[in-house]
Amino acid sequence: MARKRESQRITLIGGVLLAALTLVSGFAVYAVMQRQLEAVLVNSLQSSLHSDRRLFETEIRGSVVNALTVSTRPFVIQNLARLREAPEDASAAHSLQRLVRRLVKSQQQTAEANARLRDLEERWRFALDSAGAGVWDLDLSAGKILLSVRCKHMLGYEEHEIGTSAEEWQALVHRDDAPALIAACQRLVDGEVQSFTHEHRKRCKDGSWKWVQARGMVAARDENGAPTRLIGTYIDISERKRAEEIIQQQANFDPLTKLPNRRLFLDRLDQQIAKCQRTGAALALLLIDLDEFKEVNDTLGHDVGDVLLQEAARRISGCIRDTDTVARLGGDEFTVILSDLTGKAHVEEIAQKLISRVAEPYYLREGVAHISASIGITLYPGDAEDMGELMKHADQAMYSAKRLGRNRFCYFTHALQEAAQKRLRLSRELRQAVNQGQFEAHFQPIVELASGRIQKAEALLRWQHPERGLVGPEEFIPLAEDTGLIEGVGDWVFREAVRRARVWRDRFGTDIQVSVNMSPVQFRSEGAERVESWLYHLEEMGVRGEQIVIEITENLLLHAHDGVTRQLFRFRDAGVQIAIDDFGTGYCTLSYLKQFPIDYLKIDRSFVRNLENDPNDVALSKAIIVMAHELGLKVIAEGVESEEQRRLLSEAGCDFAQGYLFARALPVEDFENLLSEGGRMSAPG
């Protein structure tokens, strides 16, 4: 029965080990199995020895144990001969003979088991080699990992080039994939799963990346059940990944232009609509049809037509942001999704850029080809409630563009189209105004309330339109900001202000400080270079920084990044002063006033307008003045139109005022006439 039980134990242990063969490394299997079998045999023999007390009381016990230890039959035979010399101890001899027979039989069983293990090991190695799998064995407590040769060869390393450091092996994982791999292993360690499978990239010896699939399971636990050892395999799946990428490319991208195809375009449009519904943002859909493409294709051949389509795709892609989508729907139809819109001007700017780029000549091997683009524009959520309706409206707008003569864009709605045409026409005329010098600066006096004298002036831009006459800044400045023309316009105003400050100083012998409005766009678009250019111009003109004030808005400070802050302090260091225009209408707080180099607060005209009738506006104005003075700032009131307003502001301690009570914004000659008369606008308060 004992032998049967031991045989069952051997069978059980062997079965458990064989079940782990798909995960345990080849060089460890044989040793583990052999140790287990030897332990079973030792336990079996020791049980037999304990059952015979006389055997343990003689030298025979040591001989048998030695015989078991070295497992040699000659040693046992030698001890048998010694017993024959003492026949009186026949019972001991009989026991030893019986023990030796058991030992020999056990050795035969061990040999047979080893042979079976070697056969299984060879089969297991063959299976792993056929699958291209490498094996790993991780000791969690020691932070050591044993790697099979194939694991290392898989990445181009020789066996000696990678040690047993788990941290070193982990460092080869692509940084984008590492967090997910660590999380998968942690779920295994925490007992949430029994095994894990994870695909990630590892860095090869030559610096390239290879996709591998890692599988793992817990191989050993401590007395508390916590994992102490993990084992698993690695398989190179790079070819599979490349195949998947090819399949993905073919399913979602146009093979000719490499742009997203209709399937991927519709998926992205659906995602963008869902995003708009969540965030309240807007998007524009532009449907582009290439005019005259059919004629080129029929005349020069389909091969040439394909080349033209590829070039058109490159031009269209070059006109949009990385966050937007351009796709080819088929034939000569393309579409663009413009997401996160801030205004219609951006849509029209992109549409006009697309039209211009598509219309440029195509230099093909058969000659030069000319085509144009008709673009239909529709907006979400304004023009449609779902994707199908949006596509239909874009198609209708595109055909409207074709009917109107091609080489143009059309909105889905008539009102939007009319407004777009007006903005487009005005932007063209504004560009001409910059090039042809149609601008002029008017100057509104800023009066010191205590003395009644003109101490400052605000430079205000006017557009002398050849047909419409004088155009105010409220009509064209927003358009200039949207189209990027504000940069050239702003540079012109600044240089004109500096020139006038120099002229007035030389002519009237006094420094008239000139204020210039600076758009937030100017700070964000090459702002640092612009500041340096302006300061260089000041120095070149011989004008001190203190003669110029830069007026900014509160919202600029609210969203100021490091670049804006550096520009403001660069002005401060050069002596140029800073004023916050329209103070009280934005979101500025005391913390902003302390954080930035501010010199003046300009009380917005909305507070000044009702000073005579609304005590609350009087209180607010007084509060602003007191706060500013406590912070060491001066205050300028805008929009002062009556003597009573001037008196109330003066009593509240306001430093300066400007408005129709003193003068409107005046042409240069009229402003200089005021200065030549002494610059006194009213009696001191």
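Just above, that's the structure.
Below you will find a few notes about this structure. (Residues numbered from 1 in each chain as written. Predicted model: local features only at pLDDT ≥ 70, side-chain atom pairs only at ≥ 80, totals over all residues. Heavy atoms only, no water.)

## Some thoughts on the overall build of the protein
Helix and strand counts for the protein come out as 27 helices and 21 strands. Counting over 685 residues, the protein shows a buried share of 45%. The long-range share in the protein, meaning contacts at least 24 apart out of those at least 6 apart in sequence, stands at 63%. Carbon and sulfur atoms make up 50% of the accessible area of the protein, which amounts to about 35,300 Å² in all. (Helix = DSSP H or I, 4+ residues; strand = E, 2+ residues; numbered from the N terminus. Buried < 20%, exposed > 50% of the residue type's maximum accessible area, 1.4 Å probe, protein only. Contact = heavy atoms within 4.5 Å. Areas by Shrake-Rupley, 256 points an atom, 1.4 Å probe, with all protein chains shown as cover.)

## Observations concerning the sheet that holds strand 6 (residues 283–291)
Read from one edge to the other, the open sheet built from five strands follows the order 7-8-6-11-12, with strand pairing classed as mixed. Strands with a single pairing partner mark the edges of an open sheet, and in this sheet they are strand 7 (325–330) and strand 12 (408–411). Sheet twist, expressed as the mean angle between neighbouring strand axes with direction ignored, is 20°. As paired strands, strand 7 and strand 8 (residues 333–338) are joined by five bridges and run antiparallel to one another. Across the sheet, residue Arg-328 finds its bridge partner in strand 8, namely Phe-334. This element, helix 15 (residues 387–403), spans strand 6, strand 7, strand 8, strand 11 (372–380) and strand 12 of the sheet and lies at about 145° to strand 11. (Pairing = 2+ DSSP bridges. Axes fitted to C-alpha atoms, helices over the stretch in contact; angles between N-to-C directions.)

## Points about the packing of aromatic side chains
Applying the stated criterion across every chain yields a total of twelve aromatic pairs. For the ring pair Phe-439 and Phe-476, a centre distance of 5.8 Å and an interplane angle of 40° mean the geometry is tilted. Residue Phe-439 is located in strand 13 (residues 439–448), and its partner Phe-476 is located in helix 17 (residues 473–483); the two are separated by 37 residues in the primary sequence. For Phe-439, a relative accessible area of 10% puts it in the buried group. Their ring planes at 80° and their centres at 5.0 Å tell us that Phe-443 and Trp-504 sit as a pair that is edge-to-face. Remark: Trp-504 occurs in helix 18 (residues 486–508) and Phe-443 occurs in strand 13; sequence separation between them is 61 residues. The class of Trp-504 is buried, set by a relative accessible area of 0%. One aromatic cluster is present, formed by Trp-136, Trp-169 and Tyr-234 through successive ring pairs. (Phe/Tyr/Trp six-rings, centres within 6.5 Å; stacked < 30°, edge-to-face > 60°.)

## A closer look at the layout of surface pockets
In this structure, the largest pocket spans a volume of roughly 590 Å³. Residue lining of the largest pocket: 25 residues in total, with Pro-473, Ile-477, Glu-481, Asn-517 and Met-518 positioned closest to the centre. When residues of the lining of the largest pocket are traced back to their parent elements, those giving at least two are strand 14 (453–465), helix 17, helix 18, strand 16 (513–517), helix 19 (520–524), strand 17 (548–552) and strand 18 (577–583). (1 Å grid on protein atoms, 1.4 Å probe; cavity = no way out; pocket = protein on both sides within 12 Å on 5 of 7 lines; lining within 4 Å. Points joined across faces, edges and corners; volume = space filled by probe spheres on them.)

## Quick notes on the sheet that holds strand 3 (residues 195–203)
Taken in spatial order, the five strands line up as 2-1-5-4-3 in an open sheet, and their pairing is antiparallel. Only two strands of the sheet have a single partner each, and these edge strands are strand 2 (144–147) and strand 3. When strand polarity is set aside, the average angle formed by the axes of neighbouring strands in this sheet is 25°. Where strand 1 (residues 133–139) and strand 5 (residues 227–236) come together, seven bridges link them in antiparallel fashion. Bridged to Ala-133 within strand 5 is Ile-235. Strands strand 3, strand 4 (209–221) and strand 5 of the sheet are contacted by helix 9 (residues 178–189), whose axis makes an angle of about 155° with strand 3.

## So, the side chain of Gln-567
Positionally, Gln-567 belongs in helix 22 (residues 562–573). Other than its neighbours up to four places away in sequence, Gln-567 contacts Phe-523, Gly-527, Ala-528 and Val-531.

## Considerations on the environment of Met-387
One can find Met-387 in helix 15. Residue class for Met-387 comes out partly exposed when judged on its relative accessible area of 24%. Taking the C-alpha atoms as reference, Met-387 lies 8.2 Å from Leu-266; in sequence the two are 121 residues apart. Beyond its immediate stretch of four places on either side in the chain, Met-387 contacts Leu-266, Leu-269, Asp-270 and Ile-273.

## Considerations on helix 20 (residues 527–541)
End to end, helix 20 covers 21 Å across 15 residues, agreeing with the expected 21 Å (1.5 Å per residue, within 8%). Along helix 20, the residues classified as buried are Gly-527, Arg-530, Val-531, Trp-534, Leu-535, His-537 and Leu-538. The buried residues of helix 20 occupy an angular sector of 155° when projected down its axis, which confines them to one face. In helix 20, the exposed positions that point more than 90 degrees away from the buried face belong to Glu-529, Tyr-536, Glu-539 and Glu-540. Of the surrounding secondary structure, the elements contacted by the buried residues of helix 20 are helix 18, helix 19, strand 17 and helix 22. (Expected span 1.5 Å × (residues − 1). Arc of directions from axis to C-beta.)

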